[in-house]
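Fold and geometry: a report
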Amino acid sequence: MAAAAACFRTSNSPRQNSTSTINYSQLLTVSSHHASTSRPRIATNSHFPFIVIASDISSSCACSYSNIFTQFKIRENQPRLVHPFPYNNSSSNNIWNWNDSESSLPKSKQAAASVNLRSSRPRFRAMADPLTNGAGSSRRLRHVSSVAAPPSKISRLNAVVLGDALASEEDDLVIPNPDFSAQAHVPSPGKYLEMYDRSIEDPAGFWSDIASQFYWKQKWGSPVYSENMDVGKGRINIEWFKGGITNICYNCLDANIAAGNGDKIAIYWEGNELGVDATLTYNQLLHNVCQLANYLKDIGVRKGDAVVIYLPMLMELPIAMLACARIGAVHSVVFAGFSSESLSQRIVDCKPKVVLTCNAVKRGPKVIHLKDIVDAALVDSAKNGTVVDVCLTYANEFALEKESTKWVEGRDIWWQDVLSKYTTSCDVEWVDAEDPLFLLYTSGSTGKPKGVLHTTGGYMVYTATTFKYAFDYKPSDVYWCTADCGWITGHSYVTYGPLLNGATVVVFEGAPNYPDSGRCWDIVDKYKVSIFYTAPTLVRSLMREGDELVTRYSRKSLRVLGSVGEPINPSAWRWFFNVVGDSRCPISDTWWQTETGGFLITPLPGAWPQKPGSATFPFFGVQPVIVDEKGVELEGECSGYLCVKSSWPGAFRTLYGDHERYETTYFSAFPGYYFSGDGCRRDKDGYHWLTGRVDDVINVSGHRIGTAEVESALVSHPLCAEAAVVGVEHEVKGQGIYAFVTLVEGVPYSDDLRKSLIMTVRQQIGAFAAPDRIHWAPGLPKTRSGKIMRRILRKIASQQLDELGDTSTLAEPGVVDQLIALADS
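Residues numbered from 1 in each chain as written. Predicted model: local features only at pLDDT ≥ 70, side-chain atom pairs only at ≥ 80, totals over all residues. Heavy atoms only, no water.

Quick look at the overall build of the protein chain
- Each helix and strand in the protein chain was counted, giving 21 helices and 40 strands.
- When each of the 825 residues of the protein chain is scored for burial, the buried share is 61%.
- When the accessible area of the protein chain is evaluated, it comes to approximately 30,600 Å², of which 47% is carbon and sulfur surface. (Helix = DSSP H or I, 4+ residues; strand = E, 2+ residues; numbered from the N terminus. Buried < 20%, exposed > 50% of the residue type's maximum accessible area, 1.4 Å probe, protein only. Areas by Shrake-Rupley, 256 points an atom, 1.4 Å probe, with all protein chains shown as cover.)

Looking at the packing of helix H20 (residues 790–797) against helix H21 (residues 814–821)
- Relative to each other, H20 and H21 sit at 25 degrees, their axes nearing to 10 Å. Relative to H21, H20 is oriented roughly parallel. Handedness of the crossing formed by H20 with H21: right-handed. The segment H20 lies against H21, with Ile792, Leu793 and Ile796 engaging Val816, Leu819 and Ile820. (Axes fitted to C-alpha atoms, helices over the stretch in contact; angles between N-to-C directions. Parallel < 35°, antiparallel > 145°, perpendicular 65-115°, else oblique. Left-handed = near helix turned anticlockwise from the far one by under 90°. Contact = heavy atoms within 4.5 Å.)

A few points about helix H19 (residues 751–764)
- Taking 1.5 Å per residue, 14 residues should reach 20 Å; H19 reaches 20 Å between its end C-alpha atoms and fits that length.
- Inspection of H19 places Leu753, Arg754, Leu757, Thr760 and Val761 among the buried residues, and these make up the whole buried set. All buried residues of H19 project into a common sector of 115 degrees when viewed along the axis, lining one side. What points out from H19, more than 90 degrees from its buried face, is the exposed set Asp751, Asp752 and Lys755. (Expected span 1.5 Å × (residues − 1). Arc of directions from axis to C-beta.)

Points about unusual backbone geometry
- Omega for the bond connecting serine 222 with proline 223 falls within 30 degrees of zero, at 0 degrees, which places this linkage in the cis form.
- Residue position: proline 223 is located in the loop between helix H4 (203–211) and strand S11 (225–228).
- In this structure, proline 515 follows tyrosine 514 across a cis peptide bond, with omega equal to 0 degrees.
- The residue aspartate 582 is not glycine, and still its phi comes out positive at about 50 degrees.

Quick notes on the packing of aromatic side chains
- Tallied over the full model, the rule gives 62 aromatic pairs.
- Ring geometry for tyrosine 215 versus tyrosine 250: centroids 4.9 Å apart, planes at 45 degrees, classification tilted. Of this pair, tyrosine 215 sits in the loop between H4 and S11 while tyrosine 250 sits in helix H5 (residues 248–261), and the two are 35 residues apart along the sequence.
- When the centroid spacing of 4.9 Å and the interplanar angle of 80 degrees are considered together, the rings of phenylalanine 652 and tyrosine 666 count as edge-to-face. Here the residue phenylalanine 652 occupies a position in the loop between strand S32 (638–645) and strand S33 (654–655), and tyrosine 666 occupies one in helix H17 (residues 659–666), the gap between them amounting to 14 residues. Here phenylalanine 652 and tyrosine 666 have matching classes, each one buried.
- The ring of phenylalanine 338 has arginine 346 sitting right over it, with the charged end atom 4.3 Å from the ring centre.
- If you follow lysine 611 out to its NZ or CZ, it ends over the ring of tyrosine 687, 4.5 Å from the centre. (Phe/Tyr/Trp six-rings, centres within 6.5 Å; stacked < 30°, edge-to-face > 60°. Lys NZ or Arg CZ within 6 Å of the ring centre and 35° of its normal.)

Side note on the sheet that holds strand S14 (residues 265–270)
- Strand order in the open sheet formed by seven strands is S15-S14-S27-S26-S28-S29-S30, and the pairing between neighbours is mixed. At either margin of the open sheet sits one strand with a lone partner, and together these are strand S15 (277–281) and strand S30 (587–589). Averaged over all neighbouring strand pairs, the angle between strand axes comes to 15 degrees, with direction disregarded.
- Pairing of strand S29 (residues 560–563) with S30, which is carried by three bridges, proceeds in the parallel orientation. The residue of S30 that forms the bridge with glycine 562 is serine 588.
- Against the sheet, helix H12 (residues 488–500) touches S14, strand S26 (478–481), strand S27 (504–508) and strand S28 (531–534), its axis set at about 165 degrees to S26. (Pairing = 2+ DSSP bridges.)

Considering the nonpolar core
- Counting 174 residues, the largest nonpolar core has Leu292 and Leu714 as the members making the most contacts within it.
- Per-element accounting of this core gives the leading share, nine residues, to helix H6 (residues 282–298).
- Judged by nonpolar contacts, the second largest core, of 29 residues, contains Ile523, Phe532, Phe577 and Ile587. (Core = buried A, V, L, I, M, F, W, Y, C linked by side-chain atoms within 4.5 Å.)

Digging into the pattern of salt bridges
- Scanning the model with the defined rule gives 33 salt bridges in all.
- For arginine 653, the salt bridge identified is with glutamate 434, shortest N-O distance 2.9 Å. On the criterion of sequence distance, the pair formed by arginine 653 in the loop between S32 and S33 and glutamate 434 in the loop between strand S23 (431–432) and strand S24 (436–442) is long-range, its members being 219 residues apart. Glutamate 434 carries the same exposure label as arginine 653, and that label is buried. (Salt bridge = Lys/Arg side-chain N within 4 Å of Asp/Glu carboxyl O.)

Describing the sheet that holds strand S22 (residues 412–414)
- If you trace the eight strands from one edge of the open sheet to the other, you get S22-S21-S18-S16-S17-S24-S25-S33, paired in mixed fashion. Edge positions in the sheet fall to S22 and S33, since each has one partner strand and no second.
- Relative to S33, strand S25 (residues 450–455) is paired through two bridges, and the arrangement is antiparallel. Bridge pairing links leucine 453 to threonine 654 in S33.
- Set on the sheet, helix H9 (residues 370–383) makes contact with strand S16 (306–310), strand S18 (354–358), strand S21 (390–394) and S22; between it and S18 the angle comes to about 155 degrees.

Quick notes on the side chain of serine 342
- With respect to the helices and strands, the residue serine 342 is situated in helix H8 (residues 340–350).
- Of note is the side chain of serine 342, whose polar atom sits 3.1 Å from the backbone oxygen of glutamine 764.
- Ignoring sequence-local partners within four residues, the contact set of serine 342 consists of Gln764 and Ile765. (Polar contact = N/O pair within 3.5 Å; in protein donor to acceptor, adjacent residues only side chain to side chain.)

Observations regarding the environment of leucine 634
- Tracing the sequence through the fold places leucine 634 in the loop between strand S31 (623–627) and S32.
- Separated by 48 residues in sequence, leucine 634 and arginine 682 place their C-alpha atoms 9.6 Å apart.

So, to be careful, I would describe these as geometric facts and stop short of saying anything about function.
Next up, the structure:
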C-alpha cells in the first residue's frame with residue numbers, strides 16, 4: 001500500500017488567533033496502515049481556496065470541494081472524515097491513516113498549517129441521508145449510496161483535482177474542479193441523489209416534468225408509462241407518453257427557431273480535405289429539411305413508410321433523418337461502410353419506398369464509390385422480392401464528378417436537380433409518442449442483423465435529457481461527436497440529442513488521421529469545440545502517434561471530453577485526460593447500447609470523482625443490477641451479468657418484424673429484467689466497470705459484429721469447410737476478430753488463401769469486420785454433442801495456454817494440441 005499523505009496549498013500567511021485559507025492541489029493520497037514516513041505536506045501556487053483551518057484546535061475545519069463530499073471537523077485532536085451520505089462505517093477498511101507528525105513540513109509552512117495532527121486518525125462517520133431522514137440508504141439506492149464516500153481502500157490511490165495535477169495510476173480518483181462543479185447542472189452527489197431518488201420513486205412525475213419542456217400538440221394521457229418486462233407475465237411491452245402527439249423534427253428545429261435561435265449555427269460541416277467546409281443555421285437547416293420532406297411526400301412516402309439512408313457524413317445525412325421524421329416516415333440509416341450484401345439484407349427486411357445515397361465519398365485519400373454499392377444491393381434485393389423504384393443520389397463532386405457516376409435511368413435521381421424545385425416550408429406530420437421513429441440494425445449472435453425499433457416521444461425526451469446532463473451542455477458550447485450517423489451514437493448524439501437542446505454541432509466527413517493525426521485538434525481549434533465525444537479506439541490510435549501531434553494545437557476551448565462504444569482502458573483514459581484535456585476536462589465515459597437509445601451509466605461532469613475506466617453511476621431513472629447465472633441480484637462489490645430493472649423512456653420497443661426474438665434475446669435470460677449481454681463489476685465504492693460482452697458479439701472499434709455473421713461469410717468461401725470466430729483484446733480497436741478456419745480436405749494452407757478469406761468477409765460484411773488473424777485449424781474443439789468450445793478458442797487466441805482447463809470432455813481432445821502447434825503458422 002502506498003504511503004499516506006495529504007497535499008495542501010496555502011494562500012496567505014495566517015494571522016495569529018484567526019483562521020487562514022489553505023488551498024488544495026492533490027486532495028489526498030491515502031492508504032491504510034503505513035510507516036511513520038507518511039506526513040502531510042504543503043505545496044504552493046494555488047488558484048482556489050479549499051480548506052479553512054483555524055489556529056485554535058478546538059474550532060472547526062470545514063473541507064469541501066465545491067461542497068461535494070466531505071467535512072473535516074477537528075475537535076479534541078481527533079480529525080474525523082464526515083460523509084454527507086450513509087456509509088458502512090463498521091469496516092476497518094474505512095480508516096484513512098495520517099502520520100501523527102507534521103515535522104516534515106517546511107518550517108515556513110508549519111505555522112500556516114497550525115493543525116495539531118497528533119494522535120490523529122481520520123475516521124468515517126456516516127451522517128444522516130437527507131433523502132431518507134437518517135434511516136439509511138434505501139435499497140433502491142444501494143448501488144449509488146456510496147457515491148459520496150471517498151474510496152475506502154484502493155491500492156496506490158491518487159486523488160487529484162481537475163486542473164491541478166496529472167492523473168498517473170490506474171486507481172486514480174479524479175476530483176472535479178470546484179469552479180466547474182459550481183456551474184454544472186448537477187454540482188454535487190447530493191443534487192444527483194436528490195434527482196435520482198425522485199426518478200426512481202416517482203418516474204411518472206420526474207419524466208413528465210422534463211417532457212413538458214418540449215412541444216406537444218396534445219399532451220399524453222394516464223398512465224405516463226406502462227411496462228411488462230417479465231416474459232412469465234405475458235407479452236413484453238414498454239410504452240411512455242402514449243397518447244401524446246408531437247414531432248421530433250419540430251422540436252429540433254421549429255421550436256428552437258421560435259425561441260429566437262434561427263440564426264444560430266446548427267451545423268459546422270468539415271469536409272475530408274483541408275479548407276472544405278460549410279455551415280447551416282437553424283433557419284437554413286429547416287429550409288433544407290422541408291425541401292427534402294416535400295420531395296419525399298411527392299414521390300409517395302407517407303407516415304410509417306420506411307426510407308433507407310446510405311450516406312456518408314455529409315450535412316445531407318442529418319437533413320435526411322430530420323426530413324423523414326418531419327413527415328412521419330421511418331428512417332433506417334445504414335452505415336456507409338457496409339457491403340452491398342449487408343445493405344441488400346436490410347433493404348429486403350424493411351422494404352423502403354426510396355434509398356437515399358451519394359455517388360462517392362473520400363475517406364482520407366481513398367475514394368469509395370457508394371453508388372456502385374447501392375446499385376449492387378438494389379439488384380440483389382430485387383432478386384429477393386424487394387424492388388426499390390427511386391434512388392435519390394447526392395452529387396458529392398469533391399469525391400467524384402457526376403459524369404463518372406454509373407446511372408440507371410428511370411430509377412436514379414440527382415438530389416440537387418430536384419430538391420431546389422420544392423418549397424422551404426413543409427407541414428408537420430404529428431405523430432403519437434409511440435409511433436416509430438427509426439429502425440437501426442445491429443449485429444446478432446444468430447447471423448441475422450436485428451432491426452432495433454425506437455419510437456418517438458420517449459426517445460426524444462431521453463436523448464435530449466442525457467445529452468444535457470452527461471455533457472453538462474450550455475448554449476455557448478460547440479459540440480463534436482466523431483461518430484457516424486450509421487450507428488446509434490450518430491442518431492442520439494450527433495443529430496437528435498444536440499439539436500433538441502439547440503446545440504451547435506460539428507459534422508466531419510473525413511478521417512481523423514488525414515492528412516495527419518493532428519486533424520482532430522485542428523478541427524477543435526478551428527471551431528472552438530468545447531465538448532469532444534469520441535471512441536476509445538480513436539483515442540488509442542492517436543495515443544500511439546505521440547503527444548506532439550496534440551500539443552502543437554491549443555485545445556483551450558475544450559471543457560468536457562467523452563468516450564463511447566466500449567470500455568476505455570485506464571491508460572487511454574489517462575492520456576485522454578492528461579494530454580488532450582490538459583488534465584482539466586472531465587471525461588464522460590458513457591455506457592449504453594443501440595437498444596437503450598441513450599446513456600444508462602455515465603459520469604455527470606462536476607458531480608463526483610471519477611475513476612479512469614469506470615462508467616461510474618446510473619443515469620436518472622435507470623436501475624442497473626448485477627445478477628449471477630441464476631438471476632439472483634448481487635449486492636455490494638461483485639461481478640456478474642449487467643441487467644436493468646424497470647424501463648426508461650429511451651428503451652427500444654421491439655425488433656422489427658420479430659417480437660419473439662426481441663423477448664428471447666433481451667428478456668428471457670433473466671425474467672423481469674432487460675439483459676444487456678454485458679458483464680459488469682461493481683467495486684466497493686459502487687462504481688461500475690464494464691467487462692465486455694458475454695455473448696457471441698464482438699465489439700470492434702465500437703462496431704458490434706456478430707461472430708455468426710463473420711463465420712457465415714468465411715464458410716461461404718469455396719475452400720472453407722468450417723470457421724469459428726472469437727474476440728481478442730486489441731490495443732487499438734478494443735477487440736479484434738480472431739478466426740479459426742478449417743479448410744476443405746486436401747487444400748493446403750497459404751498466405752494467398754488467407755488473404756482471400758479476409759477479402760470474402762470484407763466483401764460480404766464490410767472492411768470493419770475483416771478478421772485480424774486467420775488461424776488454420778485442422779479441427780475445432782467440440783463437445784460430443786457437436787458444440788464448439790469457444791472458451792478454449794479464446795484462451796488459445798489470447799495465448800493463455802495455462803488457463804485451458806479440462807479438455808477431457810472434448811470429442812477429440814488432441815485437436816487442442818494441434819491448434820496450439822499451428823498458432824504461429
